[in-house]
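# Coordinate inspection notes
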Amino acid sequence: MARPRMRPSDAFLALWPAAVLIGLGVAGFLGLLDWVVEQEDLFRLDEPLVEWLAAHRTPTLTTILTVVTTVFGPVVLPIIVAAIALVWWRVTKSWWHPMLLVGAMVLSTTLTVVLKAVVGRARPGEDFMSVPGFETSGSFPSGHTIGASTLVLVLGYLLWHEDADASWRLTAWAVLSFAIIGIVAVSRMYLGYHFLTDVLAGACVGVAVLGVVVGIERWRDLSLERRDPPERLLTFAEADAQEAAVMGQEGGDAPGGDDASAEPLPWAAQNVDSSDGDERPSSE
């Protein structure tokens, strides 16, 4: 049996959330880059904010935020992602979502390297760094913020996608993502390695990468639905017609029509689709 043709409306419904996320991420990044190049708007807060944070450091807070920035750094974060992907694959016996998570992290890392090289913005002065000369790559955008935002946004979305009916997961995901991204961004500024516009641009890149993942996942869902479309629910008129036909057959074969061994009405038999839990008429 030939697959149904892809309709433009189906593709639009599947991909518009991805397009919105990518658009917001790219627009935010370009807007921040323009402020940095033109040295206006938020750019004017960059150095004063780093100076203020450096002047108000405490040993305890410095230790805590150093741990945070190390966890989401280029050495520890890949290990964490690999462990999450491995455990996820072993538990679910499915490679798709773990692979998608790893692919998103690879994409974000590639974007970090390319964008830093293209923009070429210098980091804050060594006088502001907690460990002078420790990091020497470009400042815009913040790679730590890109990695943190990509991990929490993509991981949260994929977990929520597995059970989209659990609305509390969406709320928890949003709150937790905002908190983690915020803490990582603050740690980068507090330790003197990045400016405010750097970390905001990093978050924008993470949103754009999330948009790519959402687009891939929703397109896959649409492809699977076209390959094995769900059975159509009967209308009330169709259900009444089937009921009348069955009642007529029962009336001819078994007077009285109330034999306990009679087969259930076709429209009443239900099965449960394993992917989303919607009830649909049985095909048997």
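Before reading further, recall that the structure is shown in the block above.
The model shown is predicted, which means the values in this text are computed figures rather than measured ones.

Together, Ile22, Val26, Leu30, Leu107, Val212 and Ile216 make up an exposed nonpolar region whose accessible area comes to about 430 Å². Contributions of two or more residues to the nonpolar patch are made by α1 (8-38) and α8 (196-227). If one sorts the elements of the nonpolar patch by residue count, α1 sits on top with three residues. For Ile216, a relative accessible area of 37% gives the class partly exposed.

The next thing to look at is the packing of helix α5 (residues 96-119) against helix α6 (residues 143-162). Where α5 contacts α6, the axes come no closer than 10 Å and their chain directions differ by 155 degrees. Judged on the interaxial angle alone, α6 and α5 are roughly antiparallel. Here α5 runs over α6; the crossing is right-handed. For the pair formed by α5 and α6, the contact residues are His97, Leu100, Leu101, Ala104, Met105, Ser108, Thr112 and Lys116 on the first element and Gly143, Ile146, Gly147, Thr150, Leu151, Val154, Leu155, Leu158, His161 and Glu162 on the second. Grouping the constituent residues of the contact of α5 with α6 by class yields nine nonpolar, seven polar and two charged.

Here we take up the layout of surface pockets. Of the volumes computed, that of the second largest pocket is approximately 430 Å³. Considering the residues around the second largest pocket, the lining is formed by 23 residues, among which Gly73, Pro74, Thr109, Thr112 and Gly143 are closest to the centre. Listed by contribution, the elements that provide at least two residues to the lining of the second largest pocket are α4 (76-92), α5 and α6. Per-element accounting of the lining of the second largest pocket gives the leading share, eight residues, to α5.

Okay, α5 next. With 24 residues, α5 should cover 34 Å at 1.5 Å per step; its first-to-last C-alpha distance of 34 Å lies within 8% of that length. Those residues of α5 that sit buried are Trp96, His97, Pro98, Leu100, Leu101, Ala104, Met105, Ser108, Thr112, Leu115 and Lys116. Phi for Gly120, located one or two positions after α5, is positive at around 65 degrees.

This next bit is on unusual backbone geometry. Residue Pro141 follows Phe140 across a cis peptide bond; omega there is -5 degrees. Checked against the element boundaries, Pro141 lands in the loop between α5 and α6. Even without being glycine, Asp41 reaches a positive phi, approximately 55 degrees. Secondary-structure assignment places Asp41 in the loop between α1 and α2 (43-55). We note that Lys93 has phi near 60 degrees; this positive angle belongs to a residue other than glycine. For Lys93, a relative accessible area of 66% gives the class exposed.

Calculation criteria
- Residues numbered from 1 in each chain as written.
- Predicted model: local features only at pLDDT ≥ 70, side-chain atom pairs only at ≥ 80, totals over all residues.
- Heavy atoms only, no water.
- Patch = residues over 30% accessible without salt bridge, like charges linked within 9 Å, V, L, I, M, F, W, Y side chains within 5 Å.
- Areas by Shrake-Rupley, 256 points an atom, 1.4 Å probe, with all protein chains shown as cover.
- Salt bridge = Lys/Arg side-chain N within 4 Å of Asp/Glu carboxyl O.
- Helix = DSSP H or I, 4+ residues; strand = E, 2+ residues; numbered from the N terminus.
- Buried < 20%, exposed > 50% of the residue type's maximum accessible area, 1.4 Å probe, protein only.
- Axes fitted to C-alpha atoms, helices over the stretch in contact; angles between N-to-C directions.
- Parallel < 35°, antiparallel > 145°, perpendicular 65-115°, else oblique.
- Left-handed = near helix turned anticlockwise from the far one by under 90°.
- Contact = heavy atoms within 4.5 Å.
- Nonpolar A, V, L, I, M, F, W, Y, C, P; charged D, E, K, R; others polar.
- 1 Å grid on protein atoms, 1.4 Å probe; cavity = no way out; pocket = protein on both sides within 12 Å on 5 of 7 lines; lining within 4 Å.
- Points joined across faces, edges and corners; volume = space filled by probe spheres on them.
- Expected span 1.5 Å × (residues − 1).

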